[in-house]
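# An overview of the molecular structure
Chain by chain, the residues:
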Amino acid sequence: MARRFDAIVIGTGQAGPPLAGRLTDAGWRCAIVERQRFGGTCVNYGCTPTKALVASARAAYMARRAADFGVQIGGAVQVDMARVKRRKDEIAGQSNESITSYVKDMKNAVVFEDHAVFEGDRRLRAGGETIEAERVFINVGARAAIPPIEGLDQVPFLTNSSLLDLETLPEHLIILGGGYVGVEFGQIYRRFGSKVTIVDHAPRLMSSEDEDVSTEIRGIFEGEGIEVVTGARVEGVARDGDGLRVTIAQDDGRREIAGSHFLVAAGRKPNTDDLGLETTGIETDEKGFVRVDDRLQTSVDGVFALGDCNGRGAFTHTSYNDFEILAANLLDGDDRRVSDRFLAYAAFIDPPFARVGASETELKKAGRKALIARLPMSGVARARERSETDGFMKILVDPHTGRFLGVGMLGIRCDEVVHAIVYLMHARATYRDVMRAVPIHPCVAELIPTMLKQLEPLE
Ligand SMILES: Cc1cc2nc3c(=O)[nH]c(=O)nc-3n(C[C@H](O)[C@H](O)[C@H](O)COP(=O)(O)OP(=O)(O)OC[C@H]3O[C@@H](n4cnc5c(N)ncnc54)[C@H](O)[C@@H]3O)c2cc1C
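Summarised in this report is the structure supplied together with it. (Residues numbered from 1 in each chain as written. Predicted model: local features only at pLDDT ≥ 70, side-chain atom pairs only at ≥ 80, totals over all residues. Heavy atoms only, no water.)

### Re the overall build of the protein chain
Summing up its helical and strand segments, the protein chain has 13 helices and 22 strands in all. Dimensions of the protein chain along its principal axes, counting C-alpha atoms only, are 70 × 65 × 45 Å. As presented, the protein chain carries roughly 21,100 Å² of accessible surface, and 48% of it is formed by carbon and sulfur atoms. Across the protein chain, the centroid of the 57 positively charged side chains sits 3 Å from that of the 66 negatively charged ones. (Helix = DSSP H or I, 4+ residues; strand = E, 2+ residues; numbered from the N terminus. Areas by Shrake-Rupley, 256 points an atom, 1.4 Å probe, with all protein chains shown as cover. Lys, Arg positive; Asp, Glu negative; His and termini not counted. Charge placed at Lys NZ, Arg CZ, Asp CG, Glu CD.)

This is the structure:
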C-alpha cells in the first residue's frame with residue numbers, strides 16, 4: 001500500500017524547502033526526501049563555504065599588500081588552514097543547521113532521510129515505503145561532472161565537495177576547468193599560498209564570456225602567479241610518488257604537469273541518472289537535465305523540476321526563482337514563467353565579475369544592433385583610492401527602445417554594482433531614465449550615468 005501525500009518534494013536544495021514551506025502553510029500534506037545534507041549544494045558544498053574561503057583568501061592577499069597602503073605587518077603573512085577551515089565550517093554549519101531545523105520542524109510534512117527513486121509517474125520509494133502524490137517536485141540538483149580521463153579512477157582526485165574538507169595546503173593544485181568554479185578555487189588557493197595551474201580545453205578562461213573579460217581575468221591571475229594553460233586537453237592522470245602527473249595535449253604536442261593535488265571542476269552533471277526516471281514518462285535531454293516547460297512542468301502532468309536539474313539555471317537565485325514561480329502559479333493565482341527572468345550571475349573572484357543579460361559576443365552573433373559604453377576601472381575614483389584598478393565595466397543598450405540589453409562588469413564591488421542594472425532591466429527602464437540621477441560619490445556605481453552619456457554604436 002502506498003502512503004499518500006498531496007505533494008512530494010525530492011531534494012532540499014534552494015527550491016524544495018521554501019516550496020514545501022508554502023505548500024504546508026497552505027494545508028498540503030507533504031513528503032520531503034533528502035539523501036544527504038539538508039540545504040544541498042549552496043549551503044554545504046557551494047556558495048556559502050566557497051565565499052567564506054574567498055573572504056579568508058582576500059584577507060591573506062590584502063595582508064600581503066599591506067605595505068602598498070602604508071601599513072606594516074612586521075613579518076611574513078601566514079595562513080593557518082585549520083583555522084580557515086574551521087571558520088568556513090562554522091559559517092556553512094550555521095546555514096545547514098538553520099535549514100535542517102526549518103525542514104524537520106515543518107508542520108504537515110513528513111521527512112524521509114533517504115535516496116528517493118521513482119517507481120512510476122507520481123510514485124516513489126523512500127525510507128522503505130512507497131509514497132504517492134498528485135504533485136511531485138524534483139529539486140535534486142547537480143554534482144561535479146567527472147570526464148572520462150585515463151587513470152583518473154586510480155588517483156585521489158578532488159571535487160568541489162572534497163576540496164572543502166582539506167585541512168592542509170596543497171603544495172601544487174592542478175585544476176581541470178577554467179569556468180567559474182575553477183577560477184574561484186584557483187585564486188583562493190593561490191592566495192592561501194599553493195602553486196596553482198588551471199588547465200582548460202577552451203582557448204580561454206571563462207570561455208562563455210566576452211574575450212576581453214577572459215583576457216583581463218587571465219592577466220589578473222597571471223599577475224598573482226597562477227599558471228593558466230588553455231587550449232589544452234587533459235589526456236591522463238597518474239600517481240607520481242606522493243603527488244600526481246597530468247598529461248595534457250596542446251596543438252604543439254603533449255607535456256606533463258606534476259602537482260600534489262588534482263581538482264576536477266569540469267562542469268556539473270544533474271542528479272537524475274539514479275532517480276528511476278526510466279519508470280516514468282519524465283523526459284530528460286541528452287545531458288540528463290529534466291525537460292520542463294516555461295512553468296517548470298515536466299513531460300508528466302503534475303510533476304515539476306526546479307533548480308539545477310532542469311538546466312534552466314545553475315545558480316542559487318535561479319533555483320529560488322523556480323520556487324517563486326511555482327508558488328505563485330500553484331498558490332497565488334499568478335502566472336509566472338521562467339522566461340520572465342533576466343539571467344544574472346557573478347564569479348566571486350577578486351575583483352568579481354558580474355553579468356546580467358546579453359554579452360557583447362551574443363549580441364554580435366545574433367546580428368542585433370546595440371549601443372555600448374565601456375569604462376576601465378582605472379577611470380573610477382573609488383578604485384584608484386583603493387589601489388584596485390583592474391577590470392572594466394561594459395553596458396549594452398537597445399538603440400531603439402533605450403532599454404538595457406546586458407552588462408558585464410569586472411572590478412571591485414561589481415558583484416553589487418550589477419544590481420543597479422538588474423533592477424533597471426526588470427523595471428523595463430530605459431537608459432534615459434537614469435541619466436539625470438545623482439549618485440553618491442565616491443562609489444563605483446556612480447559612473448553608470450557617466451557611461452550612459454558615452455554610448456556609441458556596437459561595431
Ligand atoms: C563550488 C560551487 C560554488 C557555487 N557558488 C555559487 C554562488 O556563489 N552563487 C550561486 O548562485 N550559485 C553558486 N553555485 C551553484 C549553486 O550551489 C546551485 O545552483 C544551487 O545550490 C541550486 O541547487 P538546487 O536547488 O538545484 O539543488 P542542490 O542544492 O544541489 O540540492 C539538491 C539536493 O537534492 C538531494 N538529492 C539528489 N538526488 C536525490 C534523491 N534521489 N533523493 C533524495 N535527495 C536527493 C541532494 O542530496 C541535495 O541535497 C555554486 C556551486 C558550486 C559547486
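### Looking at helix α7 (residues 211-223)
Here α7 contains 13 residues, and its C-alpha end-to-end distance of 18 Å stays within 8% of the 18 Å for a straight helix at 1.5 Å per residue. Among the residues making up α7, those that are buried are V213, S214, I217, I220 and F221. Angularly, the buried residues of α7 cover 130 degrees about the axis, an arc narrow enough to put them on a single face. Projecting away from the buried face of α7 at angles above 90 degrees are the exposed residues E211, T215 and G223. (Expected span 1.5 Å × (residues − 1). Buried < 20%, exposed > 50% of the residue type's maximum accessible area, 1.4 Å probe, protein only. Arc of directions from axis to C-beta.)

### Focus on the pairing of strand β3 (residues 109-112)
Side chains of β3 alternate between two faces, with V110 and F112 buried and A109 and V111 left unburied. Sheet topology note: the strand β2 (residues 30-33)/β3 ladder contains 4 bridges and is parallel. Paired with A31 across the two strands is V110, which belongs to β3. (Pairing = 2+ DSSP bridges.)

### Some details on the site of the ligand
For the ligand, the set of nearby residues contains 39 residues, the closest of which are E34, T41, K51, D308 and S319. Here N139 contributes a side-chain N or O atom positioned 3.0 Å from an oxygen atom of the ligand. Between the ligand and the protein, one listed contact pairs an oxygen atom with a backbone N or O atom of F315 at 3.2 Å. Here the ligand, which alone exposes 1,000 Å², has 97% of that area covered by the protein. Put simply, the parts of the chain that give the shell around the ligand at least two residues each are α2 (40-44), α3 (47-64), α6 (180-192) and α8 (316-331). Residue classes in the shell around the ligand are distributed as 15 nonpolar, 17 polar and 7 charged. (Near = heavy atom within 4 Å. Polar contact = N/O pair within 3.5 Å; in protein donor to acceptor, adjacent residues only side chain to side chain. Nonpolar A, V, L, I, M, F, W, Y, C, P; charged D, E, K, R; others polar.)

### A look at the packing of aromatic side chains
Scanning the model with the defined rule gives 6 aromatic pairs in all. Aromatic side chains F137 and F304 sit 5.5 Å apart centroid to centroid with 15 degrees between the ring planes, which places their arrangement in the stacked category. Here F137, found in strand β6 (residues 129-138), pairs with F304, found in strand β16 (residues 303-305); they are 167 residues apart in sequence, far enough to count as distant. Under the relative-accessibility criterion, F137 is labelled buried at 1%. With relative accessibility at 7%, the residue F304 sits in the buried group. (Phe/Tyr/Trp six-rings, centres within 6.5 Å; stacked < 30°, edge-to-face > 60°.)

### A word on the packing of helix α1 (residues 16-25) against helix α4 (residues 81-104)
Helix packing geometry: the angle between the two helix axes and the distance between the axes. As a packed pair, α1 and α4 sit with axes 10 Å apart at the nearest point and diverge in direction by 30 degrees. The angle between α1 and α4 places the two elements in the roughly parallel class. Judged by the sense of rotation from one axis to the other, the crossing of α1 with α4 is left-handed. Where α1 approaches α4, its residues P17, P18 and G21 are matched on the opposing element by I99, Y102 and V103. Partitioning the contact of α1 with α4 into residue classes produces 5 nonpolar, 1 polar and no charged. (Axes fitted to C-alpha atoms, helices over the stretch in contact; angles between N-to-C directions. Parallel < 35°, antiparallel > 145°, perpendicular 65-115°, else oblique. Left-handed = near helix turned anticlockwise from the far one by under 90°. Contact = heavy atoms within 4.5 Å.)

### Here's the deal with the sheet that holds strand β8 (residues 172-176)
To summarise the sheet geometry, strands pair through backbone hydrogen bonds and adopt either a parallel or an antiparallel arrangement. Strand order across the open sheet formed by 4 strands is β10-β9-β8-β14, with parallel pairing between neighbours. The sheet terminates laterally at β10 (227-229) and β14 (261-264), the two strands that pair on one side only. With direction set aside, neighbouring strand axes in the sheet form an average angle of 20 degrees. Relative to strand β9 (residues 195-199), β8 runs parallel, the two sharing 5 bridges. Residue H172 lies in a different strand from β9, and its bridge partner there is K195. Strand contacts of α6: β8, β9 and β14, with the helix running at about 165 degrees to β9, the strand carrying the most contacts.

### A closer look at the pattern of salt bridges
Per the counting criterion, the structure on display carries 36 salt bridges. Put simply, D273 and R143 hold a salt bridge, and the shortest N to O gap is 2.6 Å. Of this pair, D273 sits in the loop between β15 (268-270) and β16 while R143 sits in strand β7 (residues 142-144), placing them 130 residues apart in sequence. For D273, a relative accessible area of 45% puts it in the partly exposed group. You can call R143 partly exposed: its relative accessible area is 29%. (Salt bridge = Lys/Arg side-chain N within 4 Å of Asp/Glu carboxyl O.)

### So, the environment of V237
If you trace the backbone, V237 turns up in strand β11 (residues 233-240). Considering only alpha carbons, one finds V237 and T215, 22 residues apart in sequence, at a separation of 28 Å. Not counting chain neighbours up to four residues away, the residues in contact with V237 comprise I149, E150, G151, L152, V155, L244, R245, V246 and F262.

### Considerations on the pairing of strand β12 (residues 243-250)
Regular strands place side chains that alternate from one sheet face to the opposite one. In terms of burial, β12 is a largely internal element, 6 of the 8 residues being buried. Note that β11 and β12 share 7 bridges and pair antiparallel. For R239, the partnering residue across the bridge sits in β12 and is L244. Where β11 hands over to β12, the hairpin turn is made up of 2 residues, of which G241 adopts a positive phi near 65 degrees. Pairing geometry for β12 and strand β13 (residues 253-259), over 7 bridges, is antiparallel. Across the sheet, residue T247 finds its bridge partner in β13, namely E256. Where β12 folds back on β13, the antiparallel hairpin that results is connected by 2 residues.

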